[in-house]
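# Results of the structural survey
Okay, here's what each chain looks like letter by letter:
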Amino acid sequence: MARLVDPLLEPFQLKNLRLRNRVVSTSHEPAYSEEGMPKERYRRYHVEKAKGGIGLTMIGGSAIVAPDSPAAFGNLHVYKDEIVPWLAELADAVHEAGAHVMCQITHLGRRTSNYAGDWLPVVAPSPLREPAHRAFPKTAEPWDLDRIVRAYADAAARCRESGLDGVEFEAYGHLLDGFWSPATNRRDDEFGGDLEGRLRFPLRVIRAVREAVGPDLAVGMRMSLDEDMPGGLGSEEGLTIARRVVAEGVDFISVIRGHIDTDEGLARVIPPMGTPSAPHLRFAGEVRRSVGVPVMHAARINDVATARYAIREGLLDLVGMTRAHIADPHIVAKVRAGEEDRIRPCVGAGYCLDAIYQASDAKCIHNPATGREDRLPHLVPATAGPARKAVVIGAGPAGLEAARVLGERGHRVVVFEANGFAGGQVRLSASLPRRRDMMGIVDWRVDECKHLGVDLRYNVYAEAADVLAEEPDVVVVATGGLPNTEFLTAGAELVSDTWDVLSGSLRATGEVLLYDDNGGHPGLDAAEALAAGGARLEFVTPERILAPDVGGMNYPGYFTAFAAHDVRVTLNHRLVGVERRDGRLVAQLYNEYAGISRERVVDHVVVEHGTLPQDELYFSLVAGSSNGGEVDQAALLDLRPQRVRRNPDGRYQLFRIGDAVASRNVHAAVYDAYRLCLAL
């Protein structure tokens, strides 16, 4: 009986390229560039995916073709000749690893800032403000369009010269589609009006690029074929545009549905957790049946089963698993090896994109090696020395990561967990139905620990004697923290905390004040749970904005809940104290700007002020340790073994990680564990 070929692993002919499989990392910008150049960090990020077996990796999300399209989030500068050798080095390295590579090019139009780069006025078809970046653009004049056409052609020629396998236009929320969308083109000259007029400039660009790169280089278009907004481009007109650009020499279409003018719109185009898997896949299949060229698509296709279905059912020719490869760049290699169950899952937390839109760089919430390929390996090497006995206390994300890495290194690992299950604070976050996928961070590590033979012991509230009975060589304390209410001058015993809400131990009704002095997800998670549970909620924070550590990809879910339940938000007020009066609670708020105190009379006060380390066990073990708990930070950063020896009679090395050190987030906890244990 013939063995069935996995549809994902089938080769595919794209123009003159023979892709080794159907899996693609679509164009995106991780903001790893240096002065607009794809140097070592940028190169290693894409080469890792090539080593991991991907067929095509696409670089330069929104790589800019002209100085009046200033970088919005680390974009590559393809308008500069100096980029050619950097692109060539990247292309050679990706090819050597067996994959193909293309670059997306664009003029951002109004989707950038007037106050960046060379401070040139941004241009657009019409002077309509761009909501996300708040730019008021200049109406592009004919001479602007002439030079931008030349800029596109020159940028594409640089990509060809560098040895890249193709270029891709970006046409959703940018200049090209700004012309063809009726929502953004209000012109009354030859470049406006009916569809023929609105297409005149974009088609000029396509022709110029095709002429610049010749007939053989692959040229694609990533475009929204349905903006899904009042007055925007509809699917019928979108398909007409797709056919027109194909007739002008576009070789493939990367399908987008929706618009990115606002955070809410962006979260529909790039769906976060709590939304259906692959919501635009059927629409992409309709496009494929209509355009006559290969079609690719990426939007919350974060698991192999969905990707395989998309190819098998003929909905796509190439399937984009972009965020999935940020979580695990070795997806294809694991599929080939029959280890799909070991793929690190993308949980849709949006941590990668939130960082970019907050002027930082992409980081996976639970893969610390992503973006750090110049320092951290994605595959944990076995130890070159003898196997050691390690005890890890705590099975939250930090403890589980420590156990996983130590297990991969070949050490004998025991994990003590006080609860009857793993998860720590991640389990609390995942209690909110919309954020239940967060448990993937825990479940994957538990499965990996089992695969590696780690001894997971639940319902053990470990004390020093329990740890010492294992005769460990290494002890890693990952006991986390407990909610901090010590910041209050009075009434700490009267308040509840967000753990009470998310664990279900507090089901508050009536009037509730939630005070958030953390600025991350925990306060918003608890607020959403309280509001959905029927509380009349006021959300109070000393910040000048709501939860500043939560980014644009995650705001829409919370804002939807806040709007649906009429949550009142009060900024710039600090909770000072709480007292009981006439059977209710009185919260004392202080505004330091005006020097004004205010009272709120409510039924419950819930606070979120991070955690304080649960460190009693750690300090009870310090005296018997060889290093006194000390970490050689230089060695840690260089990934060298820890050699500190403060106590010659010490029997074990002792370390603590995650919230057992200080209140931080999931990524910090996992990063702590990974780089420490990688050298043990």
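Just so you know, the residues in each chain are numbered from 1, in the order the chain's sequence is written. In keeping with the predicted nature of the model, local features appear solely for residues at pLDDT of at least 70, side-chain atom pairs appear and are counted solely at 80 or more, and the whole-chain, interface and lining totals rest on all residues. Hydrogen atoms and water are omitted, and side-chain values are computed over all heavy atoms in the structure.

Turning next to the pairing of strand β9 (residues 218-226). Buried residues dominate β9, accounting for nine of its nine residues. Bridge count for strand β8 (residues 166-171) against β9 is six bridges, and the pairing is parallel. Bridge pairing in β9 places E170 opposite R222. A pair of strands is treated as paired once DSSP finds two or more bridges between them. Numbering goes from the N terminus for both helices and strands, where a helix is a DSSP run of H or I of at least four residues and a strand is a run of E of at least two. By the bridge criterion, six bridges tie β9 to strand β10 (residues 252-257) in an arrangement that is parallel. What sits directly across from R222, in β10, is S254. Here a crossover is taken to be right-handed if, once the strands point away from the viewer, the path from the first strand over the helix to the second is traced clockwise. Once the chain exits β9 it traverses helix α6 (residues 235-247) before rejoining the sheet at β10, and the crossover so formed is right-handed. Under the scheme applied here, a residue whose accessible area is under 20% of the maximum for its type counts as buried, over 50% as exposed, and between as partly exposed, the area being computed with a 1.4 Å probe on protein chains only.

All right, on to the layout of surface pockets then. The distinction between a cavity and a pocket rests on a 1 Å grid over the protein atoms alone: a 1.4 Å probe fits inside a cavity but cannot get out, while a pocket stays open yet meets protein on both sides within 12 Å along at least five of seven lines, and a residue with an atom within 4 Å of a point counts as lining. Grid points are joined across faces, edges and corners, and a volume is the space filled by probe spheres set on the points. Taken as a whole, the second largest pocket encloses approximately 700 Å³ of empty space. Residue lining of the second largest pocket: 25 residues in total, with A132, H133, R134, D263 and Y357 positioned closest to the centre. Nonpolar residues are Ala, Val, Leu, Ile, Met, Phe, Trp, Tyr, Cys and Pro. Charged residues are Asp, Glu, Lys and Arg, and all others, Gly as well, are polar. A class-by-class count of the residues in the lining of the second largest pocket yields 14 nonpolar, seven polar and four charged.

Side-chain atoms within 4.5 Å link the members of a nonpolar core, which is a set of buried Ala, Val, Leu, Ile, Met, Phe, Trp, Tyr and Cys residues. Ranked by size, the top nonpolar core spans 107 residues in total, and within it F201, M221 and I253 carry the most contacts. Looking at this core, the element that brings in the most residues is helix α5 (residues 195-213), giving 10 residues. Beyond its immediate sequence surroundings of up to four residues, F201 is in contact with L145, I148, V149, L175, L176, F179 and F191. Note on contacts: a residue pair qualifies if any of its non-hydrogen atoms lie within 4.5 Å across the two residues.

Our focus in this paragraph is the packing of aromatic side chains. Centre distance within 6.5 Å is the pairing criterion for rings of Phe, Tyr and Trp, where only the six-membered ring of Trp is used; planes under 30 degrees apart are then read as stacked, over 60 as edge-to-face, and the remainder as tilted. Counted under the stated rule, the structure contains nine aromatic pairs. On the numbers, 5.1 Å between centres and 85° between planes, the contact of Y32 with Y45 is edge-to-face. Taken together, the residues Y32 in the loop between β3 (23-25) and α1 (40-51) and Y45 in helix α1 connect sequence positions 13 residues apart. Overall, Y45 belongs to the buried group, its relative accessible area being 2%. Each ring, one from F539 and one from F562, has its centre 5.7 Å from the other, and the planes form 55°; the classification is tilted. Residue F539 is found in strand β20 (residues 536-540), and its partner F562 is found in helix α19 (residues 555-564); the two are separated by 23 residues along the sequence. Summarising the burial analysis for this pair, F539 and F562 share the class buried. Put simply, a charge is over a ring when the Lys NZ or the Arg CZ is close to the ring centre, within 6 Å, and near the line of the ring normal, within 35 degrees. Note that R372 overlies the ring of Y671, its terminal NZ or CZ placed 3.8 Å from the centroid.

Moving on, we come to the sheet that holds strand β15 (residues 455-457). Across the sheet, five strands lie side by side as β15-β14-β13-β16-β27; this open sheet has parallel pairing. Both outer strands of the open sheet, β15 and β27 (653-656), are each paired with one neighbouring strand and no more. Looking at each pair of strands side by side, their axes are set apart by 15° on average, direction ignored. Across five bridges, strand β13 (residues 389-393) lies against strand β14 (residues 412-416) in parallel orientation. By the bridge assignment, K389 is partnered in β14 with R412. Along the sheet, helix α13 (residues 397-409) contacts β13, β14, β15 and β16 (474-477); its crossing angle with β13, the most-contacted strand, is approximately 165°. Note on method: axes are straight lines fitted to C-alpha atoms, helices fitted across the in-contact stretch only, with angles between N-to-C directions ranging 0 to 180 degrees.

Below, the discussion takes up the UniProt feature "domain: FAD/NAD(P)-binding" (unreviewed entry) in the chain. UniProt positions are given in the numbering used here, feature names are shortened, and annotations may be inferred rather than shown by experiment. Here, UniProt's "domain: FAD/NAD(P)-binding" (unreviewed entry) annotation points to residues 389-632. Across residues 389-632 one finds 29% helix and 27% strand; the C-alpha atoms that close the span lie 21 Å apart.

The topology assignment puts H28 in the loop between β3 and α1. Here H28 falls in the buried class, since its relative accessible area comes to 14%. Side chain to side chain, H28 and Y45 meet in a polar contact 2.6 Å long. What H28 contacts, discounting residues up to four positions off in sequence, is Y42, Y45, H46, K49, M58, G60, G61, T322 and I326. Side-chain atoms alone can form a polar contact between residues adjacent in sequence; in general such a contact is a pair of N or O atoms within 3.5 Å, and within protein one must be able to donate a hydrogen while the other accepts it.

Between two packed helices, the angle of one axis relative to the other and the distance separating the axes together describe the packing. Taken N-terminus to C-terminus, the directions of helix α3 (residues 142-161) and α5 make an angle of 35°; their axes are 8 Å apart at the nearest point. Between α3 and α5 lies a crossing of right-handed hand. From α3, L145, D146, I148, V149, Y152, A153, A156, A157 and R160 reach across to α5, where they touch F201, R204, V205, A208, V209, A212 and V213. Of the residues contributing to the contact of α3 with α5, the split by class is 13 nonpolar, no polar and three charged. Handedness of a helix crossing follows the sense of rotation of the near helix relative to the far helix, less than a right angle counterclockwise being left-handed and clockwise being right-handed.

The full count for this structure, using the stated rule, is six cavities of 30 Å³ or more. As a volume, the largest cavity reaches approximately 530 Å³. Residue lining of the largest cavity: 38 residues in total, with S27, H28, R222, I270 and L353 positioned closest to the centre. When its residues are assigned to classes, the lining of the largest cavity shows 21 nonpolar, 11 polar and six charged. Taken as a whole, the second largest cavity holds about 150 Å³ of empty space. If you trace the second largest cavity, you find 18 residues lining it, with R110, G173, D177, T184 and D261 closest to the centre.

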